[in-house]
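If you want the building blocks of each chain, they are given just below.
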Amino acid sequence: MRKLAAGIDIGGTNTALGLVDRDGRTVATACMSTTDHPVLDDYINMLCTTVGRLLAEAGTDAEFAGIGIGAPSANYYNGTIENAANLPWRGVIPIVERIKARFAGVPVVVTNDANAAAIGEMVYGGARGMRDFMLVTLGTGVGSGFVAGGRLIYGHDSFAGELGHIIVMPGGRDCGCGRRGCLETYASAVGIRRTVHELIGNEIMPSVLRSVPFSELTAKMISEAAEEGDPLALAAFEETGEMLGIALANAVAITSPEAIFLFGGLAHAGELIFEPTRRYMEENMLFLYKDKVKLLPSGIDEGRAAILGASALVWDSVNG
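Residues numbered from 1 in each chain as written. Predicted model: local features only at pLDDT ≥ 70, side-chain atom pairs only at ≥ 80, totals over all residues. Heavy atoms only, no water.

Examining the sheet that holds strand 10 (residues 142-148)
- In spatial order, the strands read 11-10-9-12-13; together these five strands make up an open sheet with mixed pairing. With one partner strand each, in any of the chains shown, strand 11 (151-152) and strand 13 (294-297) form the two edges of the open sheet.
- The pairing of strand 12 (residues 259-263) with strand 13 spans four bridges and is parallel. For Leu-262, the partnering residue across the bridge sits in strand 13 and is Pro-297.
- Here helix 7 (residues 271-283) sits on the sheet in contact with strand 12 and strand 13, set at roughly 160° to strand 13. (Pairing = 2+ DSSP bridges. Helix = DSSP H or I, 4+ residues; strand = E, 2+ residues; numbered from the N terminus. Contact = heavy atoms within 4.5 Å. Axes fitted to C-alpha atoms, helices over the stretch in contact; angles between N-to-C directions.)

So this is what it looks like as structure tokens:
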């Protein structure tokens, strides 16, 4: 009888669900609106009903191993979602307790989406067989998960590993966290847009991006311009790689990872972001770690990454 884990990724707009086996094969998937359920009881009811439907689709030869949940502001230790800014429910949500009440005897675990992505990389992706690595997500913000000795680092309160909120430029750009100069204001999809905007105002180099209003500018446009040799777009990737590379060099000195995986929208730019990041990381690396840490793209299929990462929590935390 094959074992299946349910992976649930709770996003601000939609919630993705799927059943995944131990080898990362997705058996069934579903998607439901998060925003259409402002009443928590209604959301929990729909969520559990959808999981039940997926299990029925999987057939009678499947053994249900557990439920893994990736969510913003999730507390792994307490099984809660705590004051998530982009979800419709306020306060502390006892998500694990509520779901366990519907699936008696089934293990349920929750963590934030970046931590789930790191566990997914270890269970299904490029970090299989590694005991020490970092995963950095370069999306709208910068998330991260740190694995040391084969275990994800949660810290004493479950909120360890916020690489995106280390300050790389004191007094720098305003960050959504309320501070200034955080890495994610420079090394995210939003950050590189801000870098282009600053370069347009401060430099005279030609660029097709000068005619694009800031509100319409995307990281994909910047990547496409850089691929065509646009000087300003290339300069933006250089600055972004410098900030990220220095931050990674500093992070290496804390955990001494075997590899660092880059995941998410900005990582799709390939060597445009990897080359300057790798170069500045090595330039700023303490001699003990030079030329020892691999900088790699994620080995997870991004289209299924959220569900895979969440489901991997089951194998890691419950059956690992």
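What about helix 6 (residues 231-255)?
- With 25 residues, helix 6 ought to run about 36 Å at 1.5 Å a step, and its terminal C-alpha atoms sit 36 Å apart, in line with that.
- A positive backbone phi angle near 50° is found at Ser-256, which sits one or two residues after helix 6. (Expected span 1.5 Å × (residues − 1).)

Considering the side chain of Ser-311
- Inspection of the secondary structure assignment puts Ser-311 in helix 8 (residues 305-318).
- A polar contact of 3.0 Å, which involves the side chain of Ser-311, links it to the side chain of Tyr-124.
- Sequence-distant contacts of Ser-311, that is, excluding residues within four places in its chain, are made with Ala-5, Ala-6, Gly-7, Val-20 and Tyr-124. (Polar contact = N/O pair within 3.5 Å; in protein donor to acceptor, adjacent residues only side chain to side chain.)

A word on a negative patch on the surface
- Taken together, the side chains of Glu-203, Glu-239, Glu-242 and Glu-283 define an acidic patch exposed on the protein surface.
- Within the element layout of this structure, Glu-242 appears in helix 6.
- Glu-242 sits in the partly exposed class, given a relative accessible area of 32%. (Patch = residues over 30% accessible without salt bridge, like charges linked within 9 Å, V, L, I, M, F, W, Y side chains within 5 Å. Areas by Shrake-Rupley, 256 points an atom, 1.4 Å probe, with all protein chains shown as cover. Salt bridge = Lys/Arg side-chain N within 4 Å of Asp/Glu carboxyl O. Lys, Arg positive; Asp, Glu negative; His and termini not counted. Charge placed at Lys NZ, Arg CZ, Asp CG, Glu CD. Buried < 20%, exposed > 50% of the residue type's maximum accessible area, 1.4 Å probe, protein only.)

Some thoughts on the pattern of salt bridges
- Inspection of every chain in the model, using the stated rule, returns 13 salt bridges.
- A salt bridge links Asp-41 to Arg-98, with the nearest nitrogen and oxygen atoms 2.4 Å apart. Taken together, the positions of Asp-41 in helix 1 (residues 40-58) and Arg-98 in helix 2 (residues 95-100) put the pair 57 residues apart, joining distant regions of the chain.
- Salt-bridge contacts for Asp-316 lead to Arg-151; the nearest nitrogen and oxygen are separated by 3.4 Å.

As for helix 3 (residues 113-124)
- For helix 3, spanning twelve residues, the distance from its first C-alpha to its last is 16 Å, which sits close to the expected 16 Å at 1.5 Å a residue.
- With eleven of twelve residues buried, helix 3 is to be regarded as a mostly interior element.
- Those residues of helix 3 that sit buried are Ala-114, Asn-115, Ala-116, Ala-117, Ala-118, Ile-119, Gly-120, Glu-121, Met-122, Val-123 and Tyr-124.
- A distance of 3.0 Å separates the backbone nitrogen of Ala-114 from a side-chain oxygen at the start of helix 3, and that oxygen is part of Asn-112.

Quick notes on the nonpolar core
- Counting residues in hydrophobic clusters, the biggest one holds 42 residues, and the most contacted among them are Val-136, Phe-237, Leu-248, Ile-260 and Leu-262.
- Listing elements by their share of this core, those giving two or more residues are strand 9 (133-138), strand 10, helix 4 (189-202), helix 5 (219-227), helix 6, strand 12 and helix 7.
- With eleven residues, helix 6 is the largest single contributor of residues to this core.
- Those residues in contact with Phe-237 that lie beyond four places of it in its chain are Ile-192, Ile-222, Ser-223, Ala-226, Leu-266, Ala-269, Leu-272, Ile-273 and Pro-276. (Core = buried A, V, L, I, M, F, W, Y, C linked by side-chain atoms within 4.5 Å.)

Digging into the state of the cysteines
- A complete count under the given rule lists zero disulfides for this structure.
- This cysteine, Cys-48, is not joined by any disulfide, and Cys-31 carries the nearest cysteine sulfur, 16 Å off. (Disulfide = S-S within 2.5 Å.)

Focus on the sheet that holds strand 6 (residues 80-82)
- Pairing is antiparallel in the open sheet, where three strands are placed in the order 5-6-7. Strand pairing shows two members of the sheet lacking a second neighbour, strand 5 (74-75) and strand 7 (92-93), which therefore form its edges.
- Both strand 6 and strand 7 contribute to a ladder of two bridges, which runs antiparallel. Looking across to strand 7, one finds that Ile-81 is bridged to Ile-93.

Any functional reading would require information beyond the geometric quantities listed.
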